[in-house]
Amino acid sequence: MKTLAQEKLNVVNTPVEKVDGKALVRGKPVFTDDFDIPNTLTVKILRSPYAHAIIKSIDTSAAMIEGVACILTYKDVPHVIYTRAGQGYPEPSPYDTFVLDRKVRYVGDGVAIVAAENEIIAERAMKLIKVEYEVLPAVLDFEHAMDEGAPVIHDEAEITGAYDPKHNIAAHYEMEIGNVEEELKKCDYVVDEVYYTPNQSHAMMEPHGAISYFDPNGRLTVITSTQVPFHARRILKRIFGVNCRVIKPRIGGGFGGKQALHVEPYVVAVTLKTGRPAKCIYSREETMTASNTRHAMRFRARAGAMKDGTLRALELWGLSNTGAYGEHALTVFMVGGSKTLPLYNKVKAVKFGGDVVYSNTEPAGAFRGYGAPQGTFPLDSILDTLAHKIGIDPLEFKLKNSIREGETSPIFKIMGEGREGVDQIINSCKIEECAIEGAKEFGWYEKRKRPRIDQKRRIAHGYGVAFAMQGSSIPAIDMGGATIKMNDDGTFNLLVGATDLGTGSDTILAQIAAEVLHTKVEKIIVYSSDTDMTPFDKGAYASSTTYVSGNAVKIAAEKMKEEIIKAASEIMNKPVYALELDEDKVISDDGDTLSFSDLQTKLFYTFNQRQLEVTESFVSEVSPPPYLVSFAEVEIDLETGKVKVVDFLNYIDCGVPINPVLARGQVEGASAQGIGMALFEDHVMDKNGRLVTNDFFTYKIPARGDIGSIQVRFAKSYEPTGPFGAKSVSEIGLDTPGPAIANAIFDALGIRMRRLPIRSEDLFFEIKKKGL
Amino acid sequence: MKVNLKINDKVQSVEIEPGETLLETLRRIGYKGVKHGCSTASCGACTVQIDGRPVLSCTTFTAAVDGHDVRTIEGFSDENSLSDIQKAILEEGGSQCGFCIPGLIITSEALLRENPDPTEQEVIDYLKGNLCRCTGYESQTRAIIKAAKERRSK
């Protein structure tokens, strides 16, 4: 098998500038809301003030004031059930959503679509719509969604794919390998605890938004801030029965929040009704309260180990809140087990399962980590507790029991995304380097010799470590395509469906193409994510772009290389085996050269005339996990319970980072979001189900200075199935901050915090109880 | 009503609605580099400079800026060159999605004018009002320290 030392790399593994970087730092008009199309209607959504209600009557006549083009209610839009989740087809999420329905299921659910000449008129009209509601009892606490007699949220006849909607169960899953109950009885030490993770908001800087219009030839076109343009096109076709072109411009962050259809059906409904361009840009409040959150989860976590530190049994039994609609319900929940438990593959028994329930709260959806942060928090926390019980270093305990190169886990085969998974042997796993070198870098052993509590200054310091894995793509399901076209000026167009949402995927895909074609990134002109122009790609999710789209680009570039050499052989009158690519030209073994520009020019005008162009696709049979060991140092104010992350060190095995600066940025950013989820980001709902935390004043994401230092180190790793040895890097960083910080607090104070975010007031009362 | 604004050194007479914010006016007349992130003066994406000071345009009435000097991101570089802050941001990976970047650059320009040699802590303190959800801030701090150094050496 190939290793990194065998790769001679010129472009890959170097920090080239982002291909869209200059436009972004210049503030060019590249985002959805920056596009002005003449004659565009402004679209606003009237939203439900009630968590659960039936629309008894809706009267729009008084609202049809001058300047209003149309007002659409549930009577005016197609009554087609679908899922907003942008996933492979057929989707594993239940079909439980209409564009507008007679029933509203959370505060913020859509009631009417208003389209007007401008925003002022649209807002005035919204106030004039008369809606009479029959308010129903609501399920606001998801832990009571399955109670006897709980209100039924999805009683529509059309619903399909939900597990047991009459009892508010959107999805259910369970699996067991061995017998956890029996194995726990044999263990010297057992931990059995309950953990909670919150309904974190994505809080991407660019709110949701979309524009739709008919192009001059009557083709319906949608410009939208989406991670899934091809899924969006397919779902719009299902709802409205029309074909369309979906264009993804630059995206102002998504983090999974844009792996669903939010705005697109509203603008398309207006354009189809009026024939006019329609634009809808969500306010921050709508983005916060009426799109998606992370699935809040509760896990009962059990683990057992022997005196010698051998982990014997593991169980995660969960309850997940999917809110009013079931997008990503089953799959996010399963990832809570499938991308966490294989890390500890030496156990004799392992069990995972539980329910995903509906409630009358904002729908949950995909969010960076996709269930793995929810599963890693309880899993890593109980292992930490076990290590303390046994009396061994938690770092050594976790390392001793974790997976190694050449090994596998039966979970890979049993658990996929919404269905069975695939068998895989781990080809690259540098978790030992991550743990051992990370410990050195962090000063793990020295720091843990220090005293933890300074009573004089009333502060405490603690040190925690957390281990995580993720995946690289959804194997045997998700496909990416790439087209490469050669131009006579010596450049190439790289057309990909892959969806750069700020991650830099356009750049790293260009690097991969440039590496194969012996050219520079500047010569690779990337066009991405236009469903009429680029080949299909599943979209940006499941840590798949580098791996799946990257492999597609690599295969396409290799094919293009073959085509170039074949054409050059005809022109230069040399055998194919005597030719190689080198710095934008073909060279022969006797020193003849032909530049790419001359080659394609000849092919255009004078010799064996043809356009060199190739399209290739890639779908993976495996999903090689990246690995991460994170170390946290926290400082706790004993007077207030305030926790400050002083130092957060990530040691990651993501294979070969295609672009080290961009890869580092992915880990740093994910760490910050994870620290936000661990300490700051707390949604508060009033007794009627309205989110009180509906803006950046009340919902606290980490600001500059809220976090000490975040460090990133890369393990020397090479994944033989990845493009140039790469695995995924974008999600895994979010898995570790919760448990690493909680473990550090436990290390400092002996207090085990089992609910994220760890609010200072909660910790304060624990400190009081302990008399510290 | 009509107001006269000097935007990026160009004097413009603009017809506005009463109660219109500077964010709305600037975006309407084509300065799309001014970003709308929150409406509650929390995120800093809409930052512009008024008479050289960073100001949140989402909570500034256009009428109040009549006769003043407004500078948007479009006024900090041209098609042929980038500012040293812009370059450093690209080199350090300080821009991922890029949505917060115009506001960040405008605030950073004001910082470096007031304090050409800021410490890391001073950068963090000055830029606290500019939220970023992508980067975790580390790369942006590195970039601004780097740009400051570059600027001092000129």
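Along each chain, the written sequence defines residue order, and numbers are assigned to residues from 1. Chain labels run from A onward and ligand labels from 1 onward, assigned in the order the entries are written. Totals for whole chains, interfaces and linings use every residue, but because this is a predicted model, local features are given only for residues with pLDDT of at least 70 and side-chain atom pairs only at 80 or more, for both listing and counting.

K.L.:
Describe the overall build of chain B, naming the residues involved and giving the relevant values.
P.N.:
What counts as a helix is a DSSP run of H or I of at least four residues, what counts as a strand is a run of E of at least two, and both are numbered from the N terminus. For chain B, the helix and strand inventory stands at five helices and five strands. Starting at the N terminus and walking to the C terminus, you meet the elements of chain B as β-β-α-β-β-β-α-α-α-α. Seen through its principal axes, chain B has C-alpha atoms that stretch 45 × 30 × 25 Å. Any two residues are considered in contact once their C-beta atoms, placed from the backbone, lie within 7 Å. By sequence separation, contacts in chain B at least 24 residues apart represent 60% of the contacts at least 6 residues apart.

K.L.:
Account for the overall build of chain A, with residues named and values stated.
P.N.:
Looking only at helices and strands, chain A has 18 helices and 27 strands in total. Compactness check: chain A gives a C-alpha radius of gyration of 27 Å against a globular reference of 28 Å for 772 residues, within 12% of the reference. For chain A, the C-alpha atoms occupy an extent of roughly 85 × 70 × 50 Å along the three principal directions. Any residue with 12 or fewer other C-beta atoms within 10 Å of its own C-beta is exposed, any with 20 or more is buried, and the rest are partly exposed; the C-beta atoms used are placed from the backbone. Evaluated residue by residue, chain A yields a buried proportion of 60% over its 772 residues. C-alpha atoms define the radius of gyration, and 2.2 Å times the number of residues to the power 0.38 defines the globule rule.

K.L.:
Residues and numbers for the interface of chain B and chain A, please.
P.N.:
Counting from both sides, the interface comprises 39 residues of chain B and, opposite them, 43 residues of chain A. The residue makeup of the side of chain B that touches chain A, split by class, is 18 nonpolar, 15 polar and six charged. Basically, the charged four are Asp, Glu, Lys and Arg, the nonpolar ten are Ala, Val, Leu, Ile, Met, Phe, Trp, Tyr, Cys and Pro, and anything else, Gly included, counts as polar.

K.L.:
Outline the environment of Asp-192 of chain A, supporting the account with residue identities and numerical values.
P.N.:
All names here are of chain A. Tracing the backbone shows Asp-192 in strand 8 (residues 189-197). For Asp-192, a count of 13 C-beta atoms within 10 Å corresponds to the partly exposed category. Note: C-alpha distance between Asp-192 and Leu-316 (124 residues apart in sequence) is 10.0 Å.

K.L.:
Account for the pairing of strand 18 (residues 479-486) of chain A, with residues named and values stated.
P.N.:
All names here are of chain A. When you tally the buried positions in strand 18, you get seven out of eight residues, the bulk of the element. Summarising the sheet, strand 18 and strand 19 (residues 492-496) pair through five bridges and their orientation is antiparallel. Paired with Ala-482 across the two strands is Val-496, which belongs to strand 19. Strands pair, by our definition, only if DSSP identifies at least two bridges between them. Between the antiparallel neighbours strand 18 and strand 19 lie five residues, among them Gly-490 with a positive phi of about 90 degrees.

K.L.:
Talk me through helix 2 (residues 119-128) of chain A; I want residue IDs and the actual numbers.
P.N.:
All names here are of chain A. When we look at burial in helix 2, the residues that qualify are Ile-121, Ala-122 and Ala-125. Viewed end-on, helix 2 has its buried residues packed into an arc of 100 degrees, placing them on one side of the element. Where helix 2 is buried, its residues touch strand 1 (41-47), strand 3 (68-72) and strand 5 (110-116). This arc is taken over the directions from the axis of the helix to the C-beta atoms.

K.L.:
Before we move on, can you summarise the packing of helix 8 (residues 372-390) of chain A against helix 9 (residues 394-401) of chain A with the specific residues and values?
P.N.:
Residue and element names in this part refer to chain A. Here the axes come from fitting lines to C-alpha atoms, over the contacting stretch only for helices, and the angles between their N-to-C directions go from 0 to 180 degrees. Contact pair helix 8 / helix 9: the axes reach a minimum separation of 9 Å and the direction vectors enclose 115 degrees. By the angle between their axes, helix 8 is roughly perpendicular relative to helix 9. Crossing hand, helix 8 versus helix 9: right-handed. Where helix 8 approaches helix 9, its residues Leu-383, Asp-384, Leu-386, Ala-387 and Ile-390 are matched on the opposing element by Pro-394, Phe-397 and Lys-398. A breakdown of the residues in the contact of helix 8 with helix 9 according to their chemical character gives six nonpolar, no polar and two charged. An angle below 35 degrees is read as roughly parallel, one above 145 as roughly antiparallel, one from 65 to 115 as roughly perpendicular, and any other as oblique. The hand of a helix crossing depends on one turn: near helix anticlockwise from the far one by less than a right angle means left-handed, and clockwise means right-handed.

K.L.:
A description of the nonpolar core should follow, citing residues and the corresponding values.
P.N.:
Across soluble globular proteins, nonpolar side chains have a tendency to be buried as a group. With 288 residues, the main nonpolar core has Val-114, Leu-494, Ala-513, Ile-741 and Ile-745 of chain A as its most contacted residues. In this structure, Leu-494 of chain A is in contact with Ala-482, Ile-484, Leu-509, Ala-510, Ala-513, Ile-524, Ile-525, Val-526 and Val-553 of chain A, ignoring residues within four places of it in sequence. For our purposes the nonpolar core covers buried Ala, Val, Leu, Ile, Met, Phe, Trp, Tyr and Cys residues that link as a set through C-beta atoms within 7 Å.

K.L.:
Describe the sheet that holds strand 22 (residues 585-588) of chain A, listing the residues and the values that go with them.
P.N.:
Residues and elements named next belong to chain A. Here three strands make up an open sheet; going across it, the order is 21-22-23 and the pairing antiparallel. In the strand order of this sheet, the two ends are held by strand 21 (579-582) and strand 23 (593-595), each with one partner. Between one strand axis and the next, the sheet turns by 25 degrees as a mean value, whatever way the strands run. With three bridges joining them, strand 22 and strand 23 adopt antiparallel strand pairing. Counterpart to Val-586 in the pairing with strand 23 is Leu-594. In the packing of helix 14 (residues 545-572) onto the sheet, contacts are made with strand 21, strand 22 and strand 23, and the angle to strand 21 comes to roughly 120 degrees.

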